[in-house]
Amino acid sequence: MPETSATDSSQLTDLAIVGAGIAGCSLVVALRQQGWGGSIVLLESGRGEEGRAASRRSRHNTGLLINHGAPLFNLTAEAPRSPLLSGLVEGGWIAPFRGAIRSLDGSGRIGPPISDGFTAGQLWQGCGGMHQLAAGLLALAAAQPGPTALRSSTLVRRLRPNPQGDGSAWSLDDANGAELLRCRWLVLSGTLLTHPRCQQVFGWDGVPLQQAAVQLGDPLLDQAAAALAAMESTASSNLLLSLPPELTPAWQQQPWRLLQFTPEAQQRWDLRRVSLQAQADGRWAVVAESSAAFADRHRHVYGSRSSAAQLLGAAPDAQAEAAVIAALDEALQQALELPTSGADCQLMRWGAAFPQRPGLPTELQLCPHSRIGFCGDYVETRGFGRVEGAIGSAMALAELLRPHL
Ligand SMILES: Cc1cc2nc3c(=O)[nH]c(=O)nc-3n(C[C@H](O)[C@H](O)[C@H](O)COP(=O)(O)OP(=O)(O)OC[C@H]3O[C@@H](n4cnc5c(N)ncnc54)[C@H](O)[C@@H]3O)c2cc1C
């Protein structure tokens, strides 16, 4: 997938997609598989495609690749599996998840898996890391005719409707007010530009979608903007541990690779889930996902190694970060009675980890008059709040968009 630079802004793009997570990438594949060959540019604030189904590499710890968002995904419907999923399986991008899943109750007892929506149906994982899911989607798209470009490390800060009267419907600007591109159609796949969180957390002067909607006077867009602005989400503060060799056997012997905490256990230890991840070089990593309540109490503490937080200007606070890491580490040791000392620790905070219902109604996914659409796991569809919903919402949007493109 070619990377393009900011100097390409003179070209008019047929479709711009803000966000190269699973929904954004699935939308590209779905449109290409329908035979649409128009130009697409994906704009992504992170280092590459992935979004919340991401694997973190470490600059100072070569070879380490930790799934610090979704460690797996589940599909409960047949529909999203074909032909998109079959292409991913045949291309070797994803494979069934075969790790054992167990639960931990409030007394510290290990039990059978609990039904929390993330384990129903068929379980899948990226081959060699969850980032392979988005990479595979873009590879499937690249195999079809039509120019697709990914601009990573690019934060879209403002949306300007119909700027030039030159056939474009939208102009997108970066944080310095420079135009990134003009496009005929726009799709937003993340919620940063649609939710007051951008004002509360990052001090923006308004919600970009609402600011644009005021200028357009499109009742359907007004409804979509209102629904998106009202949507709540829960956060997750994740502790990432790279285990030293001497600690590995104790962890490796555990009868689980994914451990779900029951509501009582979550309340007691402030953890929601722990995953144990084998590395290609024989090392092991652990990811402990905090409870929503813990993440809420530490809502301004970002991991200093988060590139997205840096791009958004979230000020790093080394002391607060160390305190959050210590609290999660302590909780992990107490809950599992397993050693962690000597492990390399990092913090990753997902500010909007899991959207809460009600999500965006499907009838508001496309606003043809304003030439804007929405896809993501926040759309009210099967798989809401999960990878399945991100894929399904993109496939549904592709169907809605196709007659207009
Ligand atoms: C800790 C954690 C664990 C999870 N576990 C599971 C699980 O076990 N199973 C499961 O199915 N799902 C799980 N999920 C949820 C799953 O990761 C998401 O449902 C899915 O990845 C959502 O994809 P998306 O494309 O809709 O959104 P995202 O992945 O959020 O993609 C949106 C993208 O848009 C980009 N973006 C947003 N605004 C801008 C802007 N203004 N400019 C440029 N780029 C922008 C963001 O950087 C992001 O990459 C988990 C999530 C987290 C955080």
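As the structure is a computational prediction, the values presented were derived from the model and not from experiment.

### A word on the packing of aromatic side chains
Using the criterion set out here, one finds three aromatic pairs in the structure. When the ring of Phe118 is compared with that of Phe354, the centres are 5.7 Å apart and the planes differ by 75°; the resulting orientation is edge-to-face. Separated by 236 residues along the polypeptide, Phe118 in the loop between β8 (110-111) and β9 (122-126) and Phe354 in strand β18 (residues 344-355) bring together distant segments of the chain. Here the two residues Phe118 and Phe354 agree in accessibility, since each one is buried. Relative to Trp269, the ring of Phe261 has its centre 6.4 Å away and its plane inclined at 85°; by these criteria the two rings are edge-to-face. With respect to burial, Phe261 and Trp269 carry one shared label: buried. Taking NZ or CZ as reference, Arg157 lies 4.0 Å from the ring centre of Trp204, over its face. The ring of Phe118 has Arg272 lying over it, and the distance from NZ or CZ to the ring centre is 5.6 Å.

### Some remarks on the domain arrangement of the protein chain
Split by domain assignment, the protein chain resolves into domain 1 (6-54 + 134-231 + 356-404) and domain 2 (101-117 + 233-355). A straight line from the C-alpha centre of domain 1 to that of domain 2 covers 30 Å. Here domain 1 packs against domain 2, burying approximately 1500 Å² in sum over the two surfaces, 63% of which is carbon and sulfur. Contact with domain 2 buries area across many residues of domain 1, yet Arg52, Phe202 and Gln356 alone supply 38% of it, more than any other trio. The interface formed by domain 1 and domain 2 includes zero salt bridges.

### Notes on the side chain of Thr148
In this fold, Thr148 is placed in strand β10 (residues 148-151). Only 3.0 Å separates the side chain of Thr148 from the side chain of Arg32, close enough to count as a polar contact.

### A word on the site of the ligand
Around the ligand, 36 residues are found, and the nearest of them are Ala23, Glu44, Arg52, Arg273 and Asp377. Measuring from an oxygen atom of the ligand, one finds a backbone N or O atom of Ala23 at 2.8 Å. At a separation of 3.0 Å, a nitrogen atom of the ligand approaches a polar backbone atom of Ser45. Among the elements that make up the shell around the ligand, the one with the highest residue count is β18 (three residues).

### Some remarks on the pattern of salt bridges
Pairing between side chains becomes possible if they bear opposite charge and their charged atoms approach one another. If you walk through the whole model with that rule in mind, you get 17 salt bridges. The closest approach of N and O atoms between Asp173 and Arg160, which form a salt bridge, is 2.9 Å. Here the residue Asp173 occupies a position in strand β12 (residues 170-173), and Arg160 occupies one in strand β11 (residues 158-161), the gap between them amounting to 13 residues. Look at Arg160 and you get partly exposed, because its relative accessible area is 29%. A salt bridge links Glu289 to Arg273; the shortest N-O distance between them is 3.0 Å. Here Arg273 lies in strand β16 (residues 271-278) and Glu289 lies in strand β17 (residues 284-290), a separation of 16 residues in the sequence. One network of salt bridges, with partners in common, ties together Arg160, Asp166, Asp173, Glu179 and Arg182.

About the thresholds
Residues numbered from 1 in each chain as written. Predicted model: local features only at pLDDT ≥ 70, side-chain atom pairs only at ≥ 80, totals over all residues. Heavy atoms only, no water. Phe/Tyr/Trp six-rings, centres within 6.5 Å; stacked < 30°, edge-to-face > 60°. Helix = DSSP H or I, 4+ residues; strand = E, 2+ residues; numbered from the N terminus. Buried < 20%, exposed > 50% of the residue type's maximum accessible area, 1.4 Å probe, protein only. Lys NZ or Arg CZ within 6 Å of the ring centre and 35° of its normal. Domains from an automatic or database assignment. Buried area = accessible area lost by both parts, 1.4 Å probe. Salt bridge = Lys/Arg side-chain N within 4 Å of Asp/Glu carboxyl O. Polar contact = N/O pair within 3.5 Å; in protein donor to acceptor, adjacent residues only side chain to side chain. Near = heavy atom within 4 Å.

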